[in-house]
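Coordinate analysis (summary)
For reference, the chains in residue letters:
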Amino acid sequence: MGVTKEQVESSLTSKLNPSHLEVIDTSGGCGASFAIEIVSEQFEGKRLLERHRIVNGALEEEMKEIHALSIKKALTPEQWKQQQESEKSKSDA
């Protein structure tokens, strides 16, 4: 049995306390592949590679069964806010 989307969400929520989290099971339901978008204050002052390592570390147990993890976004709350405002202004134009 693979990892569930809920397990991934639970681990990331408890360890990184994200203000935004989106987990998508891209494996067709077998739990082997996920895409993640996460916003956390723990990413402040960290480079992208460090942020990915933090996410991978938070999913240490789950990664034993996950074959593919795509971290689409790993942003700070400020970066997320700026991105949302930018997307909104583009859609308003």
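Our subject is the structure listed above.
Our subject in this report is the structure included herewith. Remember, predicted model here, so these are calculated numbers, not experimental data.

Basis of the calculations
Residues numbered from 1 in each chain as written. Predicted model: local features only at pLDDT ≥ 70, side-chain atom pairs only at ≥ 80, totals over all residues. Heavy atoms only, no water. Pairing = 2+ DSSP bridges. Helix = DSSP H or I, 4+ residues; strand = E, 2+ residues; numbered from the N terminus. Right-handed = clockwise from strand over helix to strand, strands pointing away. Core = buried A, V, L, I, M, F, W, Y, C linked by side-chain atoms within 4.5 Å. Buried < 20%, exposed > 50% of the residue type's maximum accessible area, 1.4 Å probe, protein only. Contact = heavy atoms within 4.5 Å. Axes fitted to C-alpha atoms, helices over the stretch in contact; angles between N-to-C directions.

Below, the discussion takes up the pairing of strand β3 (residues 68–75). Sheet faces and side chains relate simply in a regular strand, where the side chains alternate between the two faces. Relative to β3, strand β2 (residues 33–39) is paired through seven bridges, and the arrangement is parallel. Counted as the bridge partner of Ile-36 is Ile-71 from β3. As for the winding sense of the linkage, the β-α-β connection from β2 through helix α2 (residues 48–58) to β3 is right-handed.

So, on to the nonpolar core. Formed by 15 residues in total, the largest nonpolar core has its most connected members in Val-8, Leu-12, Leu-16, Ile-36, Ile-38 and Val-55. When residues of this core are traced back to their parent elements, those giving at least two are α1 (5–16), β2, α2 and β3. In contact with Leu-16, other than residues within four places in its own chain, are Ile-38, Ser-40, Gln-42, Phe-43, Ile-54, Val-55 and Ala-58.

For Ser-11, the position within the fold is in helix α1. The buried category is assigned to Ser-11, whose relative accessible area is 10%.

On the basis of which strands lie adjacent, the open sheet formed by three strands has the order β1-β2-β3 and mixed pairing. The open sheet is flanked by β1 (20–25) and β3, the only strands paired with a single partner. Direction aside, neighbouring strands of the sheet carry axes that sit 10° apart on average. Sheet topology note: the β1/β2 ladder contains six bridges and is antiparallel.

The next subject is unusual backbone geometry. If you check the backbone angles, Asn-17 has positive phi at about 45° while not being a glycine. The residue Asn-17 is located in the loop between α1 and β1 in this model. Accessibility expressed as a relative area gives 62% for Asn-17, which makes it exposed.

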